[in-house]
Amino acid sequence: MSKKESKPSSKKNSQLVLRLDKEERDAFVELCKEMDTSAAREIRRFIREFMKENAEG
């Protein structure tokens, strides 16, 4: 089976662009590094939790 025929990738395929104050962004990224996580991972976690808490149903 060639690489093109293998199962679909589970990689993320969309971006969310936002503007932050440089000092706030740098402090957030540094805190994430200190906590052995990434800024992207924490933002994705926030989005998932926010959606779960605010879902109708």
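Because the structure is a prediction, the values reported are computed rather than measured. (Residues numbered from 1 in each chain as written. Predicted model: local features only at pLDDT ≥ 70, side-chain atom pairs only at ≥ 80, totals over all residues. Heavy atoms only, no water.)

A separate point is the pattern of salt bridges. Proximity of charged atoms lets side chains of opposite charge pair with each other. Tallied over the entire structure, the rule returns four salt bridges. Measuring nitrogen to oxygen at the nearest pair gives 2.6 Å for the salt bridge that ties Lys22 to Asp26. One end of the pair is Lys22 and the other is Asp26, both in helix α1 (residues 22-34) and four residues apart, which spans about a single turn. Here Arg45 makes a salt bridge to Glu42, at a shortest N to O gap of 2.7 Å. Taken together, the residues span about one helical turn, with Arg45 and Glu42 both in helix α2 (residues 39-54) at a distance of three residues. The class for Arg45 is partly exposed, based on a relative accessible area of 48%. (Salt bridge = Lys/Arg side-chain N within 4 Å of Asp/Glu carboxyl O. Helix = DSSP H or I, 4+ residues; strand = E, 2+ residues; numbered from the N terminus. Buried < 20%, exposed > 50% of the residue type's maximum accessible area, 1.4 Å probe, protein only.)

Here the largest pocket defines a volume of roughly 540 Å³. Forming the boundary of the largest pocket are 16 residues, of which Leu16, Ala40, Ile43, Arg44 and Ile47 lie nearest the centre. For the lining of the largest pocket, the secondary-structure elements that each account for two or more residues are α1 and α2. The leading source of residues in the lining of the largest pocket is α2, at seven residues. (1 Å grid on protein atoms, 1.4 Å probe; cavity = no way out; pocket = protein on both sides within 12 Å on 5 of 7 lines; lining within 4 Å. Points joined across faces, edges and corners; volume = space filled by probe spheres on them.)

Here the focus is unusual backbone geometry. Unusually for a residue other than glycine, Asp36 sits at a positive phi of about 55°. By secondary structure assignment, the location of Asp36 is in the loop between α1 and α2. With a relative accessible area of 70%, Asp36 lands in the exposed category.

Below, the discussion takes up the packing of aromatic side chains. Counted by the stated rule, this structure contains one aromatic pair. On the numbers, 5.8 Å between centres and 35° between planes, the contact of Phe46 with Phe50 is tilted. Of this pair, Phe46 and Phe50 are both found in helix α2, four residues apart, which corresponds to roughly one turn of the helix. Residue Phe50 is classed as partly exposed on the basis of its relative accessible area of 45%. (Phe/Tyr/Trp six-rings, centres within 6.5 Å; stacked < 30°, edge-to-face > 60°.)

Note that every value here comes from positions in space, so none of it alone points to a role or purpose.
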